[in-house]
Amino acid sequence: KNEVEQSPQNLTAQEGEFITINCSYSVGISALHWLQQHPGGGIVSLFMLSSGKKKHGRLIATINIQEKHSSLHITASHPRDSAVYICAVSRGSGGSNYKLTFGKGTLLTVNP
Amino acid sequence: EADIYQTPRYLVIGTGKKITLECSQTMGHDKMYWYQQDPGMELHLIHYSYGVNSTEKGDLSSESTVSRIRTEHFPLTLESARPSHTSQYLCASSEFSGGGADTQYFGPGTRLTVL
């Protein structure tokens, strides 16, 4: 079993729908990251959070440390949101908290 | 906006050839990383560097080697490519941004195919 599990693996939505992607982890972490990977490979960091909730535009990320669970929400989804969304966790502290453990990603397709 | 570059973007090469994948960043980051990603699978760390002349192997065993002679440059070398090395290789660099961990910035990746 992976230390970082995402669900669903694949998600198809209609433009305008509210989308939720979930991430559960089984290890102690210093932070959780949400990343976006477009076809062609480039990865962009969306959020890094260690508690509570962060919002950027139509994207919202939440984390529950006690339940070891995070969600990424997309409001008013658009076809340009189609990408693979990856959850990753930073482990360790001090000098070793830069190492990331990745989930397998959620492939989101938003149809017009 | 992150400035991290990888060349080539795509490489098709025969078995036994020596290859070097280039990665450069202009942000002055001390930490740099190489990840390997097979289709549909998660990224795995294969090498990382704390700074100049500091390199260590990652969690996934790899036959590749790396060097860090300059802060901005972190090339990865395969002495003798094999079909099992076919994969996507992603380079990243990071800086501590508070909040408990580094924010990592990724290059566009090199898709390697070994025939």
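Since we're looking at a predicted model, the values are computed, not measured. (Residues numbered from 1 in each chain as written. Chains lettered and ligands numbered in written order. Predicted model: local features only at pLDDT ≥ 70, side-chain atom pairs only at ≥ 80, totals over all residues. Heavy atoms only, no water.)

Asker: Which residues make up the sheet that holds strand β6 (residues 52-56) of chain A, and what values do they have?
Answerer: The pairing of strands in a sheet comes from backbone hydrogen bonds and takes either a parallel or an antiparallel form. Residue and element names in this part refer to chain A. Here five strands make up an open sheet; going across it, the order is β1-β3-β8-β7-β6 and the pairing antiparallel. Sheet topology places β1 (4-7) and β6 at the edges, where each strand pairs with a single neighbour. Across the sheet, the mean angle from the axis of one strand to that of its neighbour is 15°, orientation sign disregarded. (Pairing = 2+ DSSP bridges. Helix = DSSP H or I, 4+ residues; strand = E, 2+ residues; numbered from the N terminus. Axes fitted to C-alpha atoms, helices over the stretch in contact; angles between N-to-C directions.)

Asker: Please provide a residue-by-residue account of the interface of chain B and chain A, values included.
Answerer: Taken residue by residue, the interface counts 27 residues in chain B and 23 residues in chain A. Between chain B and chain A the total buried area reaches about 1,900 Å² when both faces are included, carbon and sulfur atoms providing 53% of it. Considering only the surface of chain B that becomes buried against chain A, B:Glu42, B:Leu43 and B:Phe106 emerge as the three largest contributors, covering 25% of it. In this assembly, chain B and chain A are joined by zero salt bridges. Scanning the region where chain B abuts chain A turns up two residue pairs in polar contact (both at pLDDT 80 or more). Secondary structure elements with two or more residues in the side of chain B that touches chain A: β4 (31-37), β5 (44-51), β9 (87-96) and β10 (102-106) of chain B. Broken down by class, the residue content of the side of chain B that touches chain A amounts to twelve nonpolar, ten polar and five charged. (Contact = heavy atoms within 4.5 Å. Buried area = accessible area lost by both parts, 1.4 Å probe. Salt bridge = Lys/Arg side-chain N within 4 Å of Asp/Glu carboxyl O. Polar contact = N/O pair within 3.5 Å; in protein donor to acceptor, adjacent residues only side chain to side chain. Nonpolar A, V, L, I, M, F, W, Y, C, P; charged D, E, K, R; others polar.)

Asker: I'd like a rundown of the state of the cysteines, residues and numbers included.
Answerer: The full count for this structure, using the stated rule, is two disulfides over all chains. Disulfide pairing is shown between A:Cys23 and A:Cys87; the S-S distance is 2.0 Å. Here the disulfide of A:Cys23 and A:Cys87 is left-handed, its torsion about the S-S bond being about -65°. Taken together, the residues A:Cys23 in strand β3 (residues 19-25) and A:Cys87 in strand β9 (residues 83-90) connect sequence positions 64 residues apart. Taking relative accessible area as the criterion, A:Cys87 reaches 0% and is therefore assigned buried. Two residues, B:Cys23 and B:Cys91, share a disulfide whose sulfurs are 1.8 Å apart. Disulfide B:Cys23-B:Cys91: torsion about the S-S bond near -75°, hence left-handed. With a gap of 68 residues between them, B:Cys23 in strand β3 (residues 19-25) and B:Cys91 in strand β9 connect regions that are remote in the sequence. (Disulfide = S-S within 2.5 Å. Buried < 20%, exposed > 50% of the residue type's maximum accessible area, 1.4 Å probe, protein only.)

Asker: Can you break down the confidence of the model for chain B residue by residue, with the values?
Answerer: When pLDDT is low, close inspection of the predicted coordinates is not appropriate. Scored by pLDDT, chain B has a mean of 91; 95% of the residues are at 70 or more. When mean pLDDT is compared element by element in chain B, β3(B) scores highest at 97, while β10(B) scores lowest at 87. (pLDDT = per-residue confidence, 0-100.)

Asker: For unusual backbone geometry, give the residues involved together with the corresponding values.
Answerer: Backbone torsion omega between A:Ser7 and A:Pro8 reads -5°, so that peptide bond is classified as cis. For A:Pro8, the location among the structural elements is in the loop between β1 and β2 (10-14). For the peptide bond that leads from B:Thr7 to B:Pro8, omega is -10°, which places it in the cis range. For B:Pro8, the position within the fold is in the loop between β1 (4-7) and β2 (10-13).

Asker: Pulling in residues and values, what's your account of the layout of surface pockets?
Answerer: Picture a little ball the size of a water molecule; that probe, rolled over the atoms, points out where space is still empty. Counted as a void, the largest pocket has a volume near 380 Å³. Forming the walls of the largest pocket are 24 residues, and the residues nearest its centre are A:Gln37, A:Val84, B:Gln37, B:Pro39 and B:Gly40. Element by element, the count of residues in the lining of the largest pocket is highest for β9(A), at three residues. Its residues placed into classes, the lining of the largest pocket shows eight nonpolar, twelve polar and four charged. (1 Å grid on protein atoms, 1.4 Å probe; cavity = no way out; pocket = protein on both sides within 12 Å on 5 of 7 lines; lining within 4 Å. Points joined across faces, edges and corners; volume = space filled by probe spheres on them.)

Asker: Any chance you could break down the nonpolar core for me, citing the residues and the numbers?
Answerer: The biggest cluster of nonpolar side chains holds 22 residues, and the ones touching the most others in it are A:Ile19, A:Leu32, A:Trp34, A:Phe47, A:Leu49, A:Leu72 and A:Tyr85. Those elements that provide at least two residues to this core are β3, β4 (31-37), β5 (43-49), β7 (59-64), β8 (69-74), β9 and β11 (106-111) of chain A. Grouped together as the second largest cluster of nonpolar side chains are 17 residues, B:Cys23, B:Ile46, B:Leu76 and B:Leu78 included. (Core = buried A, V, L, I, M, F, W, Y, C linked by side-chain atoms within 4.5 Å.)

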